[in-house]
Amino acid sequence: MEQVMDSGVKQKKRKLFRSRDDKMMFAMLAPAVIAVFVISIVPLVYTFYLSFHNYILTKPQEISFFGFGNFIRVFSDSAILESIRNTLIFTVCSVSISLVVGVALASLINNVTRGKTFFRIVIFTPMMFSAVVVGVIWRFLFNNEMGILNYLVQCLGFSRINWLGDAKMAMVSAIIADVWQWSSYTFILALAAMEAMDPEPIEAATVDGASAVQIFFRIKFHALLPVLEVAAMFRFIWAFRSFDLIYALTNGGPGTATETMALEVWRQAFTRYDVGVSSAISVLMFLILTVLSIAILKNSMKSD
């Protein structure tokens, strides 16, 4: 009887301690949850609200419900449609090339026996810079008169390239700058995945006479797929909403050749003072990124 009572008391004490631990856990999480709610959720909901209203920043007292009018204006404005096209071109090219370059660098460095740490630091360094700094650096490198790239081009016997003044080359220049900065992200993830691979299948394939290319595509690549899917998702999000790099490098020019949706959001709100249209573009960006992220995550779960 006493043993039954003792066990009952112990169970009550355990429940009491658990409830106290739960309360402590929620109390410690509360500040972070409140901060995320205030900083992220509230502005997001307010942006959705503004996207359905006609709101001119210089006339805040005249705000009125506009329904889907702002979204109709988004899809009927040629400048905004061009910014959507530019965003998709920039994002797809930048993400694809940075993934390929990152994996290629990881494959090379993974086979290095000496100085691997040095190469890691060197390749990882561009990601440490802010996008504005990267934009300014590459603006000097792409300078038509004094840029080192045109100097090298002339040394090779070619005429100078108008990197930032030509519409097509300006987009290429923006992609080059973004790839230079963010290939290191894919590199770090891919290198970590390669170093964690089981060496036995690779050794067996080597003994069987498989080439390095065959080993990579038939063994390593399948092991890298989950990592590459995560890298692709984050890189797509970052590239899709890229603002500071392009603003510092081309400011959307020449003309609107590198105008992206993020730049268009800023221009609509703070140069044309049309917060309703700016919010509608932001909502469109949010929906595109949400759908893409869900698709990548579902595909990743299926492959697992």
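Just above sits the structure.
A. Fine view of the packing of aromatic side chains. Enumeration over the complete set of coordinates arrives at 20 aromatic pairs. Ring centres 5.0 Å apart and planes at 40° place the aromatic pair Trp-182 and Trp-238 in the tilted group. On the criterion of sequence distance, the pair formed by Trp-182 in helix α7 (residues 167-195) and Trp-238 in helix α9 (residues 212-240) is long-range, its members being 56 residues apart. For Trp-238, a relative accessible area of 26% puts it in the partly exposed group. Look at Phe-236 and Phe-240: their rings are 5.8 Å apart centre to centre, the planes differ by 15°, and that puts the pair in the stacked class. Pair noted here: Phe-236 and Phe-240 are both in helix α9, with a separation of 4 residues, about one helical turn.

B. Region of the structure containing the environment of Trp-182. In the structure, Trp-182 is positioned 88 residues away from Phe-270 in sequence and 29 Å away in space, judged by C-alpha atoms. Those residues in contact with Trp-182 that sit more than four places away from it in its chain are Ser-98, Met-127, Arg-235 and Trp-238. At 3.2 Å, the side chain of Trp-182 forms a polar contact with the side chain of Gln-181.

C. Geometry of unusual backbone geometry. With an omega of -5°, the peptide bond between Gly-253 and Pro-254 qualifies as cis. If you trace the backbone, Pro-254 turns up in the loop between α10 (244-249) and α11 (261-270). We note that Asn-251 has phi near 55°; this positive angle belongs to a residue other than glycine. Note on placement: Asn-251 falls in the loop between α10 and α11. With a phi close to 60°, Tyr-273 is a non-glycine residue in the positive phi region. Summarising the element assignment, Tyr-273 is placed in the loop between α11 and α12 (275-303).

D. Local environment of a nonpolar patch on the surface. Taken together, the side chains of Ile-34, Val-36, Phe-37, Val-38, Ile-39, Ile-41, Val-42 and Val-45 define a hydrophobic patch exposed on the protein surface, amounting to about 740 Å² of accessible area. Owing to a relative accessible area of 47%, Val-36 belongs among the partly exposed residues under this scheme.

E. Region of interest: the pattern of salt bridges. Applying the stated rule across the entire model yields 8 salt bridges. With its nearest N and O atoms 3.6 Å apart, the salt bridge here joins Lys-116 to Glu-195. Taken together, the positions of Lys-116 in helix α4 (residues 116-124) and Glu-195 in helix α7 put the pair 79 residues apart, joining distant regions of the chain. Note that Arg-160 is salt-bridged to Glu-145, the shortest N-O span being 3.0 Å. Note that Arg-160 is positioned in the loop between α6 (148-155) and α7 and Glu-145 in the loop between α5 (131-141) and α6, a separation of 15 residues in sequence. In this structure Arg-160 comes out as partly exposed when scored by relative accessible area, which is 37%. Each of Lys-116, Arg-120 and Glu-195 takes part in a single network of salt bridges with overlapping partners.

F. Focus on the side chain of Ser-83. Turning to its location among the elements, Ser-83 is positioned in helix α3 (residues 78-110). Separated by 2.5 Å, the side chain of Ser-83 and the backbone oxygen of Ile-80 make a polar contact.

Conventions adopted
- Throughout, a residue's number is its position along its own chain's written sequence, starting from 1.
- Residue-level local features of this predicted model are given only where pLDDT is at least 70; pairs of side-chain atoms are given and counted only at 80 or more, and the full residue set underlies all totals for whole chains, interfaces and linings.
- With hydrogens and water stripped out, all remaining heavy atoms of the structure feed into the side-chain values.
- Aromatic pairing here means that ring centres of Phe, Tyr or Trp (its six-membered ring) are within 6.5 Å. Orientation follows from the plane angle: under 30 degrees is stacked, over 60 is edge-to-face, and everything else is tilted.
- Secondary structure counts use DSSP, requiring at least four H or I residues in a row for a helix and at least two E residues in a row for a strand, with both numbered from the N terminus.
- Partly exposed residues are those whose accessible area sits between 20% and 50% of the maximum for their type, while under 20% is buried and over 50% is exposed, using a 1.4 Å probe and protein chains only.
- Two residues form a contact once any of their heavy atoms are found within 4.5 Å.
- Pairs of N or O atoms within 3.5 Å make up the polar contacts considered here, provided that, within protein, one atom can donate a hydrogen while the other can accept it, and that residues adjacent in sequence are counted only when both atoms are side-chain atoms.
- Surface patches are defined over residues having more than 30% relative accessible area and no salt bridge, joining like charges when they lie within 9 Å and nonpolar side chains (Val, Leu, Ile, Met, Phe, Trp, Tyr) when within 5 Å.
- Residue-level accessible areas treat just the shown protein chains as cover; the underlying method is Shrake-Rupley with a 1.4 Å probe.
- What counts as a salt bridge is simple: a side-chain nitrogen of Lys or Arg found within 4 Å of a carboxyl oxygen of Asp or Glu.

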